[in-house]
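Descriptive analysis of the structure
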Amino acid sequence: MNNVFIPYEKALEILETHKGDFPVEERPLDTCIGSYLAEDLVADRDFPPFDRVTMDGIAISYRTFQDGRRDYPIEKTAAAGAPQATLQDAKNCIEVMTGAIMPKGVDTVIRYEDLHIENDTATIVLDELRHKQNVHFKGMDIAKNTIIVLKGKQLSSAEINIAAAVGKATLKVRQLPKVVIFSTGDELIEVQETPELHQIRRSNVYGIQATLKEWGILADMHHLADNKSEMLNVISKALSIYDLFVFTGGVSKGKFDYLPEVLEELQVTKHFHKIQQRPGKPFWFGSNAGGKRIFALPGNPVSSFVCVYMYLRFWLLVSLEIEQETLYVRLKNDVHFQPNLVYFLEAVLESSSDGGLLATAIKGNGSGDFANLVKTDGFLILPQNKSQFFANEAYPFVPYRRKW
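Read on for a plain summary of the structure. (Residues numbered from 1 in each chain as written. Predicted model: local features only at pLDDT ≥ 70, side-chain atom pairs only at ≥ 80, totals over all residues. Heavy atoms only, no water.)

1. Examining the side chain of R293
Along the chain, R293 falls in strand β23 (residues 293–297). A polar atom in the side chain of R293 sits 2.6 Å from the backbone oxygen of H18. At 2.9 Å, the side chain of R293 and the backbone oxygen of K19 are in polar contact. Other than its neighbours up to four places away in sequence, R293 contacts H18, K19, G20, D243, L244, F245, F285, G286, S287 and W315. (Helix = DSSP H or I, 4+ residues; strand = E, 2+ residues; numbered from the N terminus. Polar contact = N/O pair within 3.5 Å; in protein donor to acceptor, adjacent residues only side chain to side chain. Contact = heavy atoms within 4.5 Å.)

2. Comments concerning helix α7 (residues 301–319)
The terminal C-alpha atoms of α7 lie 26 Å apart, and with 19 residues this matches the ideal 27 Å at 1.5 Å per residue to within 8%. At V308, α7 shows its maximal kink, close to 35°. Among the 19 residues that make up α7, 18 are buried, leaving the element largely enclosed by the rest of the structure. (Expected span 1.5 Å × (residues − 1). Bend = angle between axes of the 7 residues up to and from the residue. Buried < 20%, exposed > 50% of the residue type's maximum accessible area, 1.4 Å probe, protein only.)

3. Comments concerning the sheet that holds strand β10 (residues 121–124)
The strand order across the open sheet formed by six strands is β8-β5-β7-β6-β10-β9, and the pairing between neighbours is mixed. Looking at strand neighbours, the two that pair on one side only are β8 (108–111) and β9 (115–118), the edges of this open sheet. Strand-to-strand twist in this sheet, taken as the mean axis angle between neighbours without regard to direction, amounts to 40°. Alignment of strand β6 (residues 71–78) against β10, held across three bridges, turns out to be antiparallel. Looking at the pairing, D71 lines up with T123 of β10. (Pairing = 2+ DSSP bridges. Axes fitted to C-alpha atoms, helices over the stretch in contact; angles between N-to-C directions.)

4. A few points about the packing of helix α4 (residues 204–214) against α7
It is the contact of α4 with α7, at a shortest axis distance of 10 Å, that shows an interaxial angle of 20°. Overall, the two elements α4 and α7 adopt an arrangement that is roughly parallel. You can see that α4 and α7 cross each other, and the crossing is right-handed. Taken together, the residues of α7 that come into contact with α4 (itself represented by N204, I208, T211, L212 and E214) are P301, S304, F305, V308, Y309 and L312. Across the contact of α4 with α7, the residue classes tally to seven nonpolar, three polar and one charged. (Parallel < 35°, antiparallel > 145°, perpendicular 65-115°, else oblique. Left-handed = near helix turned anticlockwise from the far one by under 90°. Nonpolar A, V, L, I, M, F, W, Y, C, P; charged D, E, K, R; others polar.)

Shown next, in the form of structure tokens:
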């Protein structure tokens, strides 16, 4: 592809064309948190599997209460985990515990708080009862053979709970790529070091690594100096180890931005280099014949952060065959942006009284103002070919913070 600026939408098309192939593996259930499900979770029985008592108390035949009976001799006790009991005499009751199978011959449960029990006789102290109260009926939650969780879902503790409940000691999940993140540039030093006036600490890579970890992907981190021969040597070796590469810096027009040239010499095919957007124009994406994917992000922290959420996230979701969901929010304030570029604008999200979501756009001091990221919750996607964006207009929003 020629060295031209492409539209945002075209970049997404190219990423989808070059999506990854994540094979399926089967793993023990207790190792699957954060993984992406590669099979549907299906109910192997009704939920609940029987008519279940939901209160400690007694179970009676409702008809006898309607006939005026209030005193019920206790015939037996039905505990949770015991086989189903049967009431022998309709004038009696069965003492029941929460979680027990509803006994045969009864249909209504009265809790202990609404009873007086003396000499093995329970007296109901209520004037009214609801027929079949305090019973969780078989199949009320989920019917047998119903899909409870669709494949593609990232597994949280809730899905792990469901998997255990349907008898899945192992799960089929996607095998995620082996990832490395490289920072580039002689101006960068380690976090624990004290920078000279001309130096800055390596921060982008830590933010990217943390983001990938939230997405269930562990990544190694390394640094590359502005030395072409060293870059060729290190990246060449890494191409035999890792599946997915994320670089920060070294992809613009600077005299020491060797990365595009190095990747070309290593036979990595460039699919695009520049996008019609702000921030993050000099974003490079490519792949090689061995299926390695390379995301080379701008070095400025906000630009780098934008490209991770707009493009790396998109590529990951299409590779996992997860349907993209677009969150729309309404602008709370007017925005003016003159350049003919898609604008990824930082914003604070809030819930409105009518149940909608409002985004207050907050302009920082350029793509180097990473401190502005901690004040905001995500990025508005404001389209090209438009310069005025007014309050109450709805636009796509990509959150990077779990606010609620």
